[in-house]
Amino acid sequence: MKKNSVKNIRINNEVMREMSMIVREDLKDPRIHPMTSVMAAEVTPDLKYAKVFVSVMGDEEAKQKTMEGLKKSASFARHQLAKRMNLRNTPELTFVLDHSIEYGVAMSKRIDEVNHHE
């Protein structure tokens, strides 16, 4: 299975959707910030590993605590993913902090400032 095959894209989307539900509903770790969103998931073609890109709204301390909580609960999240999805292998989860929303907001503010000055 190629990295960008239709099957791989479908698996990525399904893992993203299920991980979003797991983070929102099943993980009870108090370190995980309530405004945590799963932005994307990249599963390797052999289904052994998955990177889950997570965005956290809040200050740096909240982001750091959320990432610690997610790393500690990765095995539980993997178990929940195995229950919800019928895959040959359940991927080992790695959580990555995604800054794309913050970057987009900052760029939008800069564009608004430039338009205001004209």
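Please refer to the structure higher up on the page.
Residues numbered from 1 in each chain as written. Predicted model: local features only at pLDDT ≥ 70, side-chain atom pairs only at ≥ 80, totals over all residues. Heavy atoms only, no water.

S.K.: Would you take a moment to explain the pairing of strand β1 (residues 36-43) for this structure?
M.R.: Looking along a regular strand, one sees side chains alternate from face to face of the sheet. Note: β1 against strand β2 (residues 49-56), seven bridges, orientation antiparallel. Within β2, the residue paired with T36 across the bridge is V56. Hairpin connection, β1 to β2: the antiparallel pair is bridged by five residues, and L47 has positive phi, about 65 degrees. (Pairing = 2+ DSSP bridges. Helix = DSSP H or I, 4+ residues; strand = E, 2+ residues; numbered from the N terminus.)

S.K.: Looking at this structure, how should I read the nonpolar core?
M.R.: As a rule of thumb, nonpolar side chains are buried together in soluble globular proteins. Residues V15, M19, L70, L93 and F95 are the most contacted members of the largest nonpolar core, which totals 24 residues. Broken down by secondary-structure element, the contributors of at least two residues to this core are α1 (6-26), β1, β2, α2 (60-72), α3 (74-84) and β3 (92-97). Here this core takes five residues from α1, the largest share from any one element. Not counting residues up to four positions away in its chain, the partners in contact with V15 are A41, V43, L81 and M85. (Core = buried A, V, L, I, M, F, W, Y, C linked by side-chain atoms within 4.5 Å. Buried < 20%, exposed > 50% of the residue type's maximum accessible area, 1.4 Å probe, protein only. Contact = heavy atoms within 4.5 Å.)

S.K.: Before we go on, may I ask you to explain α1 in this structure?
M.R.: Because each turn of an α-helix spans 3.6 residues, side chains separated by three or four positions end up pointing in the same direction. Taking 1.5 Å of rise per residue, 21 residues should cover 30 Å, and α1 covers 29 Å from first to last C-alpha, within 8% of that figure. If you check which residues of α1 are buried, you get N8, I11, N12, V15, E18, M19, S20, I22 and V23. Buried residues in α1 make contact with β1, β2, α2, α3 and β3. (Expected span 1.5 Å × (residues − 1).)

S.K.: Help me out: how do you make sense of the pattern of salt bridges in this one?
M.R.: Where charged atoms from two side chains of opposite charge come close, those side chains can pair. The full count for this structure, using the stated rule, is seven salt bridges. Close ionic contact of R17 with E14 constitutes a salt bridge, the shortest N to O distance being 2.8 Å. Residue R17 and its partner E14 are both found in helix α1; the two are separated by three residues, about one turn of the helix. Using a relative accessible area of 26% as the deciding quantity, one classes E14 as partly exposed. Here E25 and R84 are joined by a salt bridge, their closest N and O atoms 4.0 Å apart. Within this pair, whereas E25 is found in helix α1, its partner R84 is found in helix α3, the two being separated by 59 residues in sequence. Judged by relative accessible area, R84 falls into the partly exposed class, the value being 33%. (Salt bridge = Lys/Arg side-chain N within 4 Å of Asp/Glu carboxyl O.)

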